[in-house]
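Summary of structural features
What follows is each chain in one-letter form.
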Amino acid sequence: MMRKKQQTEEYLTPESQKALADRLARAEGHLRSVRQMVIDHRCADEILVQIAAVKAALNHFTASLVESEMKACVSTCRPGVADERMGRMTHALAAVLKS
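A short tour of the structure in this document, coming up. Predicted model, so just to flag it, every value in this text is computed and none were measured.

Considerations on the overall build of the protein
A tally of helices and strands in the protein yields 3 helices and 0 strands. Secondary structure elements in the protein, listed N-terminal to C-terminal, are α-α-α. Of all 99 residues assigned to the protein, the portion counted as buried reaches 17%. Accessible surface computed for the protein: about 8000 Å², of which carbon and sulfur atoms make up 60%.

Topic: the environment of serine 33
As for its position among the elements, serine 33 is in helix α1 (residues 14-39). Separated by 18 residues in sequence, serine 33 and isoleucine 51 have C-alpha atoms that sit 9.1 Å apart.

A closer look at the side chain of glutamine 50
As for its placement among the helices and strands, glutamine 50 is situated in helix α2 (residues 44-77). Judged by relative accessible area, which is 17%, glutamine 50 ranks as buried. Within the structure, glutamine 50 has its side chain in polar contact with the side chain of histidine 30 (distance 2.8 Å). When residues no more than four places from it in sequence are discounted, the contact partners of glutamine 50 are His30, Ser33, Val34 and Met37.

With respect to the pattern of salt bridges
Summed over all chains, the structure comprises 3 salt bridges. Taking the shortest distance from any N to any O, the salt bridge between aspartate 22 and lysine 18 comes out at 2.9 Å. Separated by 4 residues within a single helix, aspartate 22 and lysine 18 lie in helix α1, roughly one turn from each other. By relative accessible area, aspartate 22 is classed as partly exposed at 34%. Among the ionic pairs, arginine 42 bridges to glutamate 46, the shortest N-O distance being 2.7 Å. Residue classification places arginine 42 among the partly exposed positions, given a relative accessible area of 42%.

Side note on unusual backbone geometry
Excluding glycine, residues mostly carry a negative phi; peptide bonds, for their part, are mostly trans. One non-glycine residue with positive phi stands out, namely histidine 41, at about 60°. Residue histidine 41 is classed as exposed on the basis of its relative accessible area of 71%.

Thoughts on α1
For α1, built from 26 residues, the straight-helix expectation of 38 Å at 1.5 Å per residue is met to within 8% by its first-to-last C-alpha distance of 37 Å. All of the buried residues along α1 are Leu20, Ala27, Val34 and Met37.

Details of the environment of lysine 71
Tracing the backbone through its elements, the reader meets lysine 71 in helix α2. According to the relative accessible area criterion, lysine 71 is partly exposed, its value standing at 45%.

Rules used in this analysis
In every chain, residue numbers begin from 1 and rise along the written sequence. Residues qualify for local features only when their pLDDT is at least 70, as the model is predicted, and side-chain atom pairs are given and counted only at 80 or more; totals for whole chains, interfaces and linings, by contrast, use all residues. Computation of side-chain values: all heavy atoms of the structure, hydrogens and water removed. Numbering goes from the N terminus for both helices and strands, where a helix is a DSSP run of H or I of at least four residues and a strand is a run of E of at least two. Only protein chains enter the accessibility calculation, which uses a 1.4 Å probe; a residue whose area is less than 20% of its type maximum is buried, one above 50% is exposed, and one in between is partly exposed. For the area figures, the Shrake-Rupley method with a 1.4 Å probe applies, and any residue is considered shielded solely by the protein chains shown. By the criterion applied in these results, polar contacts are pairs of N or O atoms within 3.5 Å in which, for protein atoms, one can donate a hydrogen and the other can accept it, and in which residues neighboring in sequence qualify only through two side-chain atoms. Contacts are residue-level and defined by heavy atoms, with any inter-residue pair within 4.5 Å sufficient. Salt bridges are identified by distance alone: a Lys or Arg side-chain nitrogen within 4 Å of an Asp or Glu carboxyl oxygen. Given a helix with a known number of residues, its expected span is that number minus one, times 1.5 Å.

Structure, rendered in structure tokens:
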């Protein structure tokens, strides 16, 4: 079941929405390439390289989406200077994702 997010303010600006849509389009293009490579009986090593591109594009999309959400959340629920809070949150999240 899909859940609609209740919003009191817009957390995705039009610029963020476009950037996210562009990242998804990039991932979609890479994925279409993988499909075509399978149909064309391409070598597994070539397909794996393209799969890595799909994963990278989705990871960048995920990071951008999380960043947008964190900015909206941090600006409304944490005291202090927004840039400093974001820096601490980004650093902490990067450390968690590396492990």
